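One-letter residues, chain by chain:
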Amino acid sequence: MMSCLKSRSIFRALCSPIQNKWFDLCRNVNQSALDSDLKKENILTNIADPPPTLGQTPPNLRQKINKMDFNNQTLSTLMLQVKSRKMRKKSNLMYFEGKLILKEALENGIDPLAVFFSRTDDIKSFKFSENTKLYKMPYNEMKMWSDLTTPPGIVAVCKKPSVTKVDKPDIPVTIICDNVREPGNLGALIRNTVGAGAKDVILSKGCVDAWDPKVIRGSSGTLFRLSVLDNIDWPDMKSYIHKDALLLVATNKFSLKESSTPNNSCVVPYYEVDYCNYPSICIIIGGETEGISENALELMSFYDNKMINIPLSNEVESLNSVSALSIILFEIKRQIMRNKGP
């Protein structure tokens with residue numbers, strides 16, 4: 001026992017102050033919070049606010065900023081509730097980092113429950129609701145909880161937004177994600193979907209969590225502008241699809257030469273499809289490694305459907321899912337906008 005204690009003391013002596021602080025923080029945080037049911041209360045109601053510090057606080061934030069010292073565990077307590085998919089589902093909370101995403105959230109009616117920052121200048125241009133708690137804290141402590149090499153110094157914790165329909169989408173297109181598991185890919189996919197003016201995104205079971213901070217960051221916050229249905233079972237998928245919809249599956253199994261042969265007549269280039277005669281279009285996008293599942297192919301049998309490909313040159317076998325979706329989306333938009341006329 002004495003030997004173990006001596007070894008631990010030597011190890012701690014060799015560590016930096018920041019590392020030692022991290023070890024103490026991990027030891028002191030109440031781990032029972034991971035398994036609690038949050039006692040059906042807002043997690044922020046049980047956090048004591050430090051006294052507000054005015055100083056040079058901008059007038060629109062005066063009386064609202066709480067200054068935290070290095071030992072304050074407010075952020076660590078909250079982060080335990082939002083770091084994993086399981087805890088985000090239980091707490092109905094999410095978090096993200098950065099000024100751009102915070103701006104997107106506020107512009108789309110999402111009021112943060114709490115905003116943590118290291119520089120007052122970073123938040124002075126924002127107008128927060130009276131219910132948002134603002135915490136100024138040391139940058140080095142924020143770095144402990146960030147997924148980024150160089151954290152932006154802003155962390156916001158919010159309730160997950162409710163699903164809202166886009167009022168007037170430019171194109172009546174729904175994206176169905178089939179086993180898309182890479183957060184960055186899903187985020188980029190959502191960003192392109194919003195940019196094309198599509199209607200919504202449906203994530204089947206097996207996809208990455210839509211409210212993963214890496215997905216939010218990959219979408220540059222445009223996720224807040226779109227209707228996203230998360231974790232949908234395939235047997236329930238038909239209830240979200242128009243009965244007269246066209247279902248599309250993109251495949252690059254065939255090259256430009258092969259796709260024009262009679263044996264592969266069921267696969268057509270994406271630009272040869274007339275997209276203007278359907279009240280709704282669904283594009284099924286498979287994951288980078290798994291591709292399209294049997295469940296997705298079975299769903300296609302209930303609707304008018306087409307297998308489309310993007311003809312490639314120079315013996316390139318395929319595009320990544322984000323690039324392929326972008327090409328198809330903007331071809332659909334081009335046809336529909338041209339059909340509407342000036």
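Residues numbered from 1 in each chain as written. Predicted model: local features only at pLDDT ≥ 70, side-chain atom pairs only at ≥ 80, totals over all residues. Heavy atoms only, no water.

The protein appears in an unreviewed UniProt entry as RNA 2-O ribose methyltransferase substrate binding domain-containing protein from Nezara viridula.

## Some remarks on the overall build of the protein
When its secondary structure is counted, the protein shows 11 helices and 12 strands. Within the protein, buried positions represent 48% of all 342 residues. Considering only contacts within the protein whose residues lie at least 6 apart along the sequence, 79% involve residues at least 24 apart. In the structure as shown, the protein presents an accessible area of about 18,100 Å², 51% of it carried by carbon and sulfur atoms. (Helix = DSSP H or I, 4+ residues; strand = E, 2+ residues; numbered from the N terminus. Buried < 20%, exposed > 50% of the residue type's maximum accessible area, 1.4 Å probe, protein only. Contact = heavy atoms within 4.5 Å. Areas by Shrake-Rupley, 256 points an atom, 1.4 Å probe, with all protein chains shown as cover.)

## Considerations on the state of the cysteines
Applying the stated criterion across every chain, the model contains zero disulfides. Free of any disulfide, C177 has its nearest neighbouring cysteine sulfur in C207, separated by 5.4 Å. (Disulfide = S-S within 2.5 Å.)

## Observations regarding helix α7 (residues 183-196)
For α7, which comprises 14 residues, the first-to-last C-alpha distance of 20 Å matches the rise-based estimate of 20 Å (1.5 Å per residue) to within 8%. Among all positions of α7, only P183, L186, G187, L189, I190, T193, V194 and A196 are buried. Here the buried face of α7 lies against β6 (173-178), β7 (200-204), α8 (213-218), β11 (281-286) and α11 (321-340). (Expected span 1.5 Å × (residues − 1).)

## Things to note about the pattern of salt bridges
With the rule as written, the count across this model stands at 12 salt bridges. Two residues, D170 and K333, come together in a salt bridge whose shortest N-O distance is 3.5 Å. One end of the pair, D170, is in the loop between β5 (154-159) and β6; the other, K333, is in helix α11, and 163 residues separate them in sequence. (Salt bridge = Lys/Arg side-chain N within 4 Å of Asp/Glu carboxyl O.)

## Here we look at the sheet that holds strand β1 (residues 65-67)
Strand order in this open sheet of five strands is β1-β4-β3-β5-β2, and the pairing throughout is mixed. The strands lining the two open edges of the sheet, one partner per strand, are β1 and β2 (93-97). Ignoring strand direction, the axes of neighbouring strands in this sheet form an average angle of 20 degrees. Sheet topology note: the β1/strand β4 (residues 133-136) ladder contains three bridges and is parallel. Residue pairing in the sheet places K67 in a bridge with K136 of β4. Sheet contacts for helix α5 (residues 99-107): β2 and β5; angle to β2, the most-contacted strand, approximately 135 degrees. (Pairing = 2+ DSSP bridges. Axes fitted to C-alpha atoms, helices over the stretch in contact; angles between N-to-C directions.)

## Notes on the pairing of β5
With respect to burial, β5 is a largely interior element, five of its six residues being buried. Sheet topology places β2 next to β5; five bridges connect them, and they run antiparallel. The residue bridging E97 from the neighbouring strand is V155, located in β5. Relative to β5, strand β3 (residues 114-117) is paired through four bridges, and the arrangement is antiparallel. Looking at β5, one finds that V115 is bridged to A156.

## Quick look at α11
Residue pairs spaced three or four apart in an α-helix point in one direction, given the helix's 3.6 residues per turn. Along its 20 residues, α11 runs 29 Å from first to last C-alpha, staying within 8% of the 28 Å computed at 1.5 Å per residue. Among the residues of α11, those classed as buried are S321, V322, A324, L325, S326, I328, L329, E331, I332, K333, Q335 and I336. Where α11 is buried, its residues contact β6, α7, β9 (246-250), β11 and β12 (304-309). The N-cap residue of α11 is N320: its side-chain oxygen and the backbone nitrogen of V322 are 3.1 Å apart. (Polar contact = N/O pair within 3.5 Å; in protein donor to acceptor, adjacent residues only side chain to side chain.)

## Thoughts on the nonpolar core
Among the nonpolar cores identified, the biggest contains 58 residues, and F96, I175 and I283 are the most heavily contacted of them. In terms of nonpolar packing, the next biggest core, distinct from the first, is built from 17 residues, Y95, F116, M137 and M144 among them. (Core = buried A, V, L, I, M, F, W, Y, C linked by side-chain atoms within 4.5 Å.)

## Describing unusual backbone geometry
Note: most residues except glycine have negative phi, and most peptide bonds are trans. Of note in the backbone geometry, N231 takes a positive phi value of approximately 60 degrees without being a glycine. Residue placement: N231 occurs in strand β8 (residues 227-232). If you check the backbone angles, E315 has positive phi at about 60 degrees while not being a glycine. Topologically, E315 is positioned in the loop between β12 and α11.

## Describing the confidence of the model for the protein
Considering every residue of the protein, the mean pLDDT works out to 81; 77% of them sit at 70 or more. A low-confidence stretch, residues 45-55 stays under pLDDT 50, and its non-local contacts, those more than four residues away or across chains, total 23 contacts. Within the model, pLDDT remains below 50 along residues 254-265, and this stretch shows 13 contacts once partners closer than five positions in the same chain are excluded. (pLDDT = per-residue confidence, 0-100.)

## Re the sheet that holds strand β10 (residues 267-269)
In space, the seven strands of this open sheet follow the order β8-β7-β6-β11-β9-β12-β10, with parallel pairing throughout. Looking at the sheet topology across the chains shown, the edges are occupied by β8 and β10. Averaged over all neighbouring strand pairs, the angle between strand axes comes to 30 degrees, with direction disregarded. As judged from the six bridges shared by β6 and β11, these two strands associate in the parallel manner. Bridge pairing links I176 to I284 in β11. Sheet strands in contact with α7 are β6, β7 and β11, and its direction is about 170 degrees off that of β6. Running over the sheet, α11 touches β6, β9, β11 and β12 and is turned about 165 degrees from β11.

## What to know about the environment of W211
The topology assignment puts W211 in the loop between β7 and α8. Note: C-alpha distance between W211 and L93 (118 residues apart in sequence) is 8.8 Å. Residues in contact with W211, not counting those within four places in the same chain, are R88, M94, K160, P161, I216, L223, F224 and D230.

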